[in-house]
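Results of the structural survey
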Amino acid sequence: MSNELEIPSVDSVSGTGVAVRGNDIDTDQIIPARFMKVVTFDGLGEFAFFDQRFDDDDNEKDHPLNEPEHRDASVMVVNANFGCGSSREHAPQALMRWGIDAFIGESFAEIFAGNCLALGMPTLEADTEVVEELQEWVEANPDGELDVDVADETVTYGGKTVDVRVDDAQRKALVEGVWDTTALMKANAEAVDETAEALPYVEDGKRV
Amino acid sequence: MSEGTLYDKVWDRHAVTRLPTGQDQLFVGLHLIHEVTSPQAFGMLRERDLEVAYPDLTHATVDHIVPTSSKERPYADTAAEEMMAELEENVRESGIEFSHPDTGEQGIVHVIGPEQGLTQPGTTIVCGDSHTSTHGAFGTLAFGIGTSQIRDVLATGTVAMEKQKVRKIEVTGELGDGVEAKDVILEIIRRLGTEGGVGYVYEYAGEAIESLDMEGRMSICNMSIEGGARAGYVNPDETTYAWLEGRERVPEGEAFEQRKEYWESIRSDDDATYDDVVTIDGGDLEPVVTWGTTPGQGVGITEPIPEPENLPVDKVETARRAQEHMGVEPGETMEGYPIDVAFLGSCTNARLPDLRRAARLVKGRTVDPNVRAMVVPGSQQVKQAAEEEGLDEIFTEAGFDWRGAGCSMCLGMNEDQLEGDEACASSSNRNFVGRQGSKDGRTVLMNPRMVVAAAINGEVTDVRAMKEVTVNE
């Protein structure tokens with residue numbers, strides 16, 4: 001039942017990192033459309049960045065996700081406008097099922113960030129230099145731990161702490177464990193009905 | 001912060017309450033669903049033992065996976081068949097109205113909403129598809145959402161959202177011969193960037209926008225998302241009302257006049273405050289085509305393709321890779337770029353006026369023998385209306401393949417796909433690598449008449465050099 005669902009607080013994420021470089025990485029790249037012919041999200045993990053990872057004969061190509069030392073990474077470090085394009089939640093679902101728990105990047109496309117939030121995955125933003133330095137560090141230290149503090153808006157790695165930015169609503173939702181909004185909004189059903197009935201085009205929950 | 005804009009007014013009327021996160025809980029007046037992004041949401045509802053809260057404000061169609069060659073069931077593609085069957089089951093259980101292919105009302109979700117009068121000014125509309133921004137052409141707040149949000153909307157009739165800033169984009173002047181709405185939006189995205197709209201909603205205004213028909217406005221709002229803005233809109237006006245009057249599901253007579261008062265009341269005030277204003281001279285524009293692999297990598301048809309080094313530093317690497325993929329040289333123009341495939345379709349440009357204008361250019365001409373050319377109407381109703389006017393004959397006589405309604409080769413989730421490194425002149429909205437079904441495929445975005453001009457000549461062509469070019473009718 002909805003009210004019994006426990007929504008965990010996501011105030012921090014720790015783990016090793018993987019850098020996926022490039023601006024404007026769209027959701028068609030993150031998960032090609034042909035893998036969306038499914039009615040559940042189960043098993044999408046193996047298709048993350050599929051066409052970047054494999055050639056026509058299914059041979060592995062050079063891609064950070066193909067490198068064994070990055071296989072267990074949980075923090076993905078990206079550049080600008082990551083996740084642009086289609087609204088498919090299949091994209092963050094695939095990356096989550098691959099094992100990613102948080103993203104750090106220069107900027108994120110709006111819907112992608114919203115989809116990540118709905119899954120409890122923080123999308124933290126940082127300046128270009130901060131991101132590039134972090135990407136270099138992650139590449140040089142595949143075993144290095146990153147501590148992402150959502151509440152404090154910092155990332156600690158290699159004995160160094162840098163500032164990142166988290167959208168206010170996202171931070172609150174993650175830290176206070178209210179990022180899964182279904183039950184929260186369901187509880188306001190009466191107010192929803194009132195709002196609806198005050199609209200000139202709704203009557204008794206129907207379009208008029 | 002913006003004040004007195006359509007965005008502010010419609011938002012305020014639909015805001016239920018402020019959530020603990022600081023987001024607003026927004027009532028959804030119309031929830032459009034389709035087969036790709038909704039089955040998982042219905043699954044989540046079942047897991048949580050929840051029901052659809054407002055089935056009568058929800059409407060379904062099937063568009064991404066439908067074959068455009070035959071409607072016959074079961075579909076040859078078993079995965080497509082499974083998705084269709086799942087949607088049929090979900091809407092039957094929930095009592096949601098479904099523009100099923102058998103009804104003659106099926107089509108791309110952003111074509112059928114307006115067509116059936118579901119899309120009306122002053123409403124909030126969401127759909128698990130980023131091009132939901134299309135419906136903003138009617139003065140709605142229309143947003144693409146993800147599947148977890150679809151679950152929320154199904155369960156509660158509301159969605160949690162943060163209010164965004166409003167940027168007014170004023171397009172002044174009169175569009176020249178051969179220049180269409182598509183060129184306006186490609187130019188906007190090129191100037192402001194693919195991420196320029198992040199955090200903003202775009203209000204499109206100015207003479208060049210106001211003089212467009214509803215279909216043109218839809219093309220512009222459709223690609224707001226390509227500019228990073230989650231939504232875009234045009235204030236409703238007499239053009240909007242005339243388009244709506246008499247459509248199914250739109251109130252009639254006295255009720256229509258009353259509803260119009262509401263529509264007028266939500267227009268942006270003359271003294272509204274915007275977070276940003278951008279002005280573009282529409283009279284300066286020429287047909288725009290893309291040379292790269294993002295919709296922002298566009299260029300006027302007579303302009304040289306840029307030298308990556310001359311672009312802003314964060315664009316250099318992407319541009320270099322894009323030019324390599326597309327096989328284009330800086331300094332040259334896109335005119336003469338050879339194409340293998342021409343696709344006239346998608347939620348950006350597959351409405352009746354798009355097909356009409358394209359057909360006039362095609363009449364009496366023949367598709368280049370080396371080009372595979374197809375027309376995919378946006379909906380069954382568009383297809384039928386076009387056939388009543390004989391447009392299908394004009395296209396097929398010229399050598400175009402006239403197909404059934406759906407998303408088709410825009411993203412290639414059905415059998416319509418590019419093969420190998422084929423280059424495609426496309427009226428769709430995205431030129432991302434792999435977008436049209438082949439990861440080596442090359443997509444050149446352009447307006448619909450530029451697409452058919454390219455089909456006829458076998459290469460990207462300046463449509464203004466061809467006869468029978470008249471616009472702004």
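Residues numbered from 1 in each chain as written. Chains lettered and ligands numbered in written order. Predicted model: local features only at pLDDT ≥ 70, side-chain atom pairs only at ≥ 80, totals over all residues. Heavy atoms only, no water.

1. Regarding unusual backbone geometry
Note on backbone geometry: most residues besides glycine have negative phi, and most peptide bonds are trans. With an omega of -10°, the peptide bond running from Arg73(B) to Pro74(B) counts as cis. One can find Pro74(B) in the loop between strand 4 (58–61) and helix 3 (78–94). Positive phi values are uncommon outside glycine, yet Phe49(A) reaches one of about 50°. Looking at where Phe49(A) falls in the secondary structure, it is placed in the loop between helix 1 (27–30) and helix 2 (50–53). For Phe49(A), a relative accessible area of 1% puts it in the buried group. (Helix = DSSP H or I, 4+ residues; strand = E, 2+ residues; numbered from the N terminus. Buried < 20%, exposed > 50% of the residue type's maximum accessible area, 1.4 Å probe, protein only.)

2. Observations concerning the packing of helix 2 (residues 39–47) of chain B against helix 3 of chain B
Residue and element names in this part refer to chain B. Relative orientation of the contacting elements helix 2 and helix 3 amounts to 45°, with a least axis distance of 10 Å. Taken together, the axis directions place helix 2 and helix 3 in an arrangement best described as oblique. Handedness of the crossing formed by helix 2 with helix 3: left-handed. Within the contact between the two elements, helix 2 uses Pro39, Phe42 and Arg46 and helix 3 uses Glu86, Asn90, Glu93 and Ser94. Looking at side-chain class alone, the contact of helix 2 with helix 3 contains two nonpolar, two polar and three charged residues. (Axes fitted to C-alpha atoms, helices over the stretch in contact; angles between N-to-C directions. Parallel < 35°, antiparallel > 145°, perpendicular 65-115°, else oblique. Left-handed = near helix turned anticlockwise from the far one by under 90°. Contact = heavy atoms within 4.5 Å. Nonpolar A, V, L, I, M, F, W, Y, C, P; charged D, E, K, R; others polar.)

3. A look at helix 3 (residues 90–98) of chain A
In terms of burial, helix 3 of chain A is a largely internal element, seven of the nine residues being buried. Among all positions in helix 3 of chain A, only His90(A), Ala91(A), Pro92(A), Gln93(A), Ala94(A), Leu95(A) and Trp98(A) are buried. Buried residues along helix 3 of chain A sit in contact with helix 1, helix 2, strand 2 (75–77), strand 3 (102–105) and helix 4 (110–118) of chain A together with helix 2 of chain B. Remark: Gly99(A) follows helix 3 of chain A within two positions and exhibits a positive phi of approximately 130°.

4. Focus: the sheet that holds strand 16 (residues 372–375) of chain B
Backbone hydrogen bonds hold the strands of a sheet together, and the pairing may be parallel or antiparallel. Residue and element names in this part refer to chain B. The strand order across the open sheet formed by five strands is 17-16-15-18-19, and the pairing between neighbours is parallel. Only two strands of the sheet have a single partner each, and these edge strands are strand 17 (401–402) and strand 19 (442–445). The sheet contact formed by strand 15 (residues 341–344) and strand 18 (residues 423–426) spans three bridges and is parallel. Bridging from a neighbouring strand, Val341 pairs with Cys424 of strand 18. Sitting on the sheet, helix 15 (residues 448–457) is in contact with strand 15, strand 16 and strand 18, with an inclination near 150° to strand 15. (Pairing = 2+ DSSP bridges.)

5. Examining the pairing of strand 2 (residues 24–27) of chain B
All names here are of chain B. Along strand 2, one buried face is formed by Asp24 and Leu26 and the opposite face, lined by Gln25 and Phe27, is buried too. Here three bridges tie strand 1 (residues 15–18) to strand 2, and the two strands are oriented antiparallel to one another. Counterpart to Thr17 in the pairing with strand 2 is Gln25. Two elements, strand 2 and strand 8 (residues 158–161), share four bridges in a ladder whose sense is antiparallel. Along strand 8, the bridge assignment pairs Gln25 with Ala160.

6. Here's the deal with the pattern of salt bridges
Going through the model one piece at a time under the given rule, you end up with 46 salt bridges over all chains. Of the charged contacts, one joins Arg320(B) and Glu309(B) as a salt bridge, the two residues approaching to 2.4 Å between their closest N and O atoms. In this pair, Arg320(B) sits in helix 11 (residues 316–326) while Glu309(B) sits in the loop between strand 14 (298–300) and helix 11, placing the two residues eleven residues apart along the sequence. Given a relative accessible area of 45%, Glu309(B) falls into the partly exposed group. Connected through shared salt-bridge partners, Asp180(A), Arg48(B), Arg151(B) and Asp152(B) make up one network. (Salt bridge = Lys/Arg side-chain N within 4 Å of Asp/Glu carboxyl O.)

7. Notes on the confidence of the model for chain B
On average, residues of chain B score 96 in pLDDT, and 99% of them reach the 70 mark or higher. The ipTM for the predicted assembly is 0.94, set against a pTM of 0.96. (pLDDT = per-residue confidence, 0-100.)

8. A closer look at the sheet that holds strand 4 (residues 123–125) of chain A
Residues and elements named next belong to chain A. Here seven strands make up an open sheet; going across it, the order is 4-3-2-1-5-6-7 and the pairing mixed. Edge positions in the sheet fall to strand 4 and strand 7 (160–163), since each has one partner strand and no second. With direction set aside, neighbouring strand axes in the sheet form an average angle of 30°. Pairing geometry for strand 5 (residues 145–149) and strand 6 (residues 154–157), over four bridges, is antiparallel. Residue pairing across strands places Asp149 opposite Thr154, the latter belonging to strand 6. The strands touched by helix 5 (residues 128–140) within the sheet are strand 1 (12–19), strand 2, strand 3, strand 5, strand 6 and strand 7, with strand 1 carrying the most contacts at an inclination of about 80°.

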